[in-house]
Amino acid sequence: MSLGGGGNQQLQELAQELEAIEEQREAIEAEIQSLRTEQTEIDEAIEAIRTLESGSTVQVPVGGDAYIRAEIADIDEVVVSLGGGYAAERDQDGAVDSLESKQDTIDGRIEELQEQVSDLETESEELEERAQQMQAQQMQQLQQQQQPDE
């Protein structure tokens, strides 16, 4: 009265595939969250650059959660990261433009990742449906095996 090990093995393989998809989805969701945090930080930098003026006093982080009070000598000397370990000095408007460009790149990456999440969710739903069909077939086979011959 066995169900044939193949059916159970296929169900086990589907369960493993579903688990792998869920792990991928969670990793992508974490990356999206990280990018959104980066966007928030860029928004804050843009706001600060737009509102600060030469002569403004700010607190500058020096590491280890320590800050030093400093005066902005020239707001048109903003150093902006370009990526890849490179940075460039920009004037106030140029710095904002660079940061907004970085925002656009992040937006595009988030859209790509959200599409991947959507694709994974579709794949997961299809696998779950296949698993349910296989379980139903196994139950039907089991019921047929248990019925006495008439």
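About the criteria used
Residues numbered from 1 in each chain as written. Predicted model: local features only at pLDDT ≥ 70, side-chain atom pairs only at ≥ 80, totals over all residues. Heavy atoms only, no water. Buried < 20%, exposed > 50% of the residue type's maximum accessible area, 1.4 Å probe, protein only. Helix = DSSP H or I, 4+ residues; strand = E, 2+ residues; numbered from the N terminus. Pairing = 2+ DSSP bridges. Contact = heavy atoms within 4.5 Å. Polar contact = N/O pair within 3.5 Å; in protein donor to acceptor, adjacent residues only side chain to side chain. Core = buried A, V, L, I, M, F, W, Y, C linked by side-chain atoms within 4.5 Å. pLDDT = per-residue confidence, 0-100. Salt bridge = Lys/Arg side-chain N within 4 Å of Asp/Glu carboxyl O.

Where burial is concerned, little of strand S2 (residues 66-71) is hidden: 0 out of the 6 residues are buried. The pairing of strand S1 (residues 57-63) with S2 spans 6 bridges and is classified as antiparallel. Within S2, the residue paired with Thr-57 across the bridge is Glu-71.

A negative phi angle is the norm for most residues apart from glycine, just as the trans form is the norm for most peptide bonds. At Asp-65, a residue that is not glycine, the phi angle is positive and equals roughly 60 degrees. As for its placement among the helices and strands, Asp-65 is situated in the loop between S1 and S2.

With that out of the way, let us pick up the environment of Arg-90. As for its position among the elements, Arg-90 is in strand S4 (residues 86-90). For Arg-90 and Glu-38, which are 52 residues apart along the polypeptide, the C-alpha to C-alpha distance reads 20 Å. Excluding its chain neighbours within four sequence positions, the residues that come into contact with Arg-90 are Asp-76, Glu-77, Val-78, Val-80, Leu-82, Ala-95 and Ser-98. Within the structure, the side chain of Arg-90 is placed 3.2 Å from the side chain of Ser-98, a separation counted as a polar contact.

Right, let's get into the nonpolar core. Core analysis: the biggest nonpolar cluster contains 23 residues, and Ile-28, Ile-32, Ile-49 and Leu-99 have the highest contact counts within it. Residue assignment for this core shows that the elements contributing at least two residues are helix H1 (5-51), strand S3 (78-83) and helix H2 (92-146). Top contributing element to this core by residue count: H2, with 11 residues. Not counting residues up to four positions away in its chain, the partners in contact with Ile-28 are Leu-113, Gln-116, Val-117 and Leu-120.

What follows concerns the environment of Glu-53. Considering the arrangement of structural elements, one finds Glu-53 in the loop between H1 and S1. For the pair Glu-53 and Glu-71, spaced 18 residues apart in sequence, the C-alpha to C-alpha distance is 9.8 Å. Glu-53 has contacts with Ile-72 and Ile-75, leaving out every residue within four places of it along the chain.

Looking at where Leu-120 falls in the secondary structure, it is placed in helix H2. Assessed through its relative accessible area of 10%, Leu-120 is described here as buried. Residues Leu-120 and Leu-99, 21 residues apart in the sequence, show an inter-C-alpha distance of 31 Å. What Leu-120 contacts, discounting residues up to four positions off in sequence, is Ile-21, Gln-24, Arg-25 and Ile-28.

Another point: the confidence of the model for the protein chain. Confidence along the protein chain averages 91 in pLDDT terms, with 94% of residues attaining 70 or more. The lowest-confidence element of the protein chain is S3, averaging 91 in pLDDT; the highest-confidence one is S2, averaging 95.

Per the stated rule, a full pass over the model turns up 5 salt bridges. Two residues, Arg-109 and Glu-31, come together in a salt bridge whose shortest N-O distance is 3.2 Å. Placement of Arg-109 in helix H2 and of Glu-31 in helix H1 is noted, with a sequence separation of 78 residues between them. Looking at Arg-109, the relative accessible area reads 29%, which means it is partly exposed. A single network of salt bridges, built from pairs that share partners, joins Glu-22, Arg-25 and Glu-29.

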